Amino acid sequence: MPIAQGLPWTTDEPKCLIKPPVKKNTIPIDLKLHSDIRAVERARFSHQVAEKGRLIKQYKMERERQQKLEEEEEIKRLRKELIPKAQLMPYFDRPFVPRRSEKQPTVPREPKFCIPRHKTIKCCRMSCNDMSGPSQLQHLPSSVEKAEALYKNRILQ
């Protein structure tokens, strides 16, 4: 087995190592979190909503005040109008004589006794030309007369 030998001694003197330069302390940067930005926006929005609500409330109060003033003015005006006043006496020394109208009299038209086609019964449809007047209505056969005529036709055949 071999014997271990030591390293040779050096005659060089040890070198002084230069210390690295000292770094400056790090300065933390400002973090802008989304939640912080959102909180600021939300506060601004809440302020706008509150301002709008206050303006609406103020507008309603102003409108109600104006309406009350208008109603009071209307009541005052009506009270002045409703005060009973004396009516002038009619003149009896000049009696009223109606004058004849200058308008032409209206020309009378004959009424239409025709029943519209969509309102008539299918078995009894007749046109307006078939019925020249009310005398034609008397000659129309009734349902009983029609039944008798059909019965007679069957017997004859």
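Residues numbered from 1 in each chain as written. Predicted model: local features only at pLDDT ≥ 70, side-chain atom pairs only at ≥ 80, totals over all residues. Heavy atoms only, no water.

Examining the overall build of the protein chain
Counting its secondary structure elements, the protein chain contains three helices and zero strands. In the protein chain, the succession of helices and strands from N to C terminus is α-α-α. Within the protein chain, the proportion of its 157 residues that are buried is 0%. Roughly 18,400 Å² of accessible area belongs to the protein chain as shown, and the carbon and sulfur atoms make up 59% of that amount. (Helix = DSSP H or I, 4+ residues; strand = E, 2+ residues; numbered from the N terminus. Buried < 20%, exposed > 50% of the residue type's maximum accessible area, 1.4 Å probe, protein only. Areas by Shrake-Rupley, 256 points an atom, 1.4 Å probe, with all protein chains shown as cover.)

Examining the confidence of the model for the protein chain
Counting all residues, the mean pLDDT for the protein chain is 80, and 77% of those residues have values of 70 or more. Ranking the helices and strands of the protein chain by mean pLDDT puts helix H1 (residues 34-81) first, with 95, and helix H2 (residues 134-138) last, with 47. Contacts for the low-pLDDT stretch residues 132-137, under 50 throughout, to residues beyond four places or in other chains number three contacts. (pLDDT = per-residue confidence, 0-100. Contact = heavy atoms within 4.5 Å.)

Remarks on the pattern of salt bridges
Applying the stated criterion across every chain, the model contains four salt bridges. Between Arg54 and Glu51 there is a salt bridge; the shortest N-O distance is 2.1 Å. With a gap of three residues between them, Arg54 and Glu51 both fall in helix H1, about one helical turn apart. One salt bridge in this structure joins Arg77 and Glu74, with 2.4 Å as the shortest N-O distance. Of this pair, Arg77 and Glu74 are both found in helix H1, three residues apart, which corresponds to roughly one turn of the helix. (Salt bridge = Lys/Arg side-chain N within 4 Å of Asp/Glu carboxyl O.)

A closer look at a negative patch on the surface
Judged by side-chain charge, Glu70, Glu71, Glu72 and Glu73 come together as a negatively charged surface patch. Residue position: Glu70 is located in helix H1. Given the relative accessible area of 55%, Glu70 is considered exposed. (Patch = residues over 30% accessible without salt bridge, like charges linked within 9 Å, V, L, I, M, F, W, Y side chains within 5 Å. Lys, Arg positive; Asp, Glu negative; His and termini not counted. Charge placed at Lys NZ, Arg CZ, Asp CG, Glu CD.)

Focus on a nonpolar patch on the surface
A cluster of nonpolar side chains, namely Ile29, Leu31 and Leu33, defines an oily patch on the protein surface of about 360 Å² accessible area. Note on placement: Leu31 falls in the segment before H1. Owing to a relative accessible area of 68%, Leu31 belongs among the exposed residues under this scheme.

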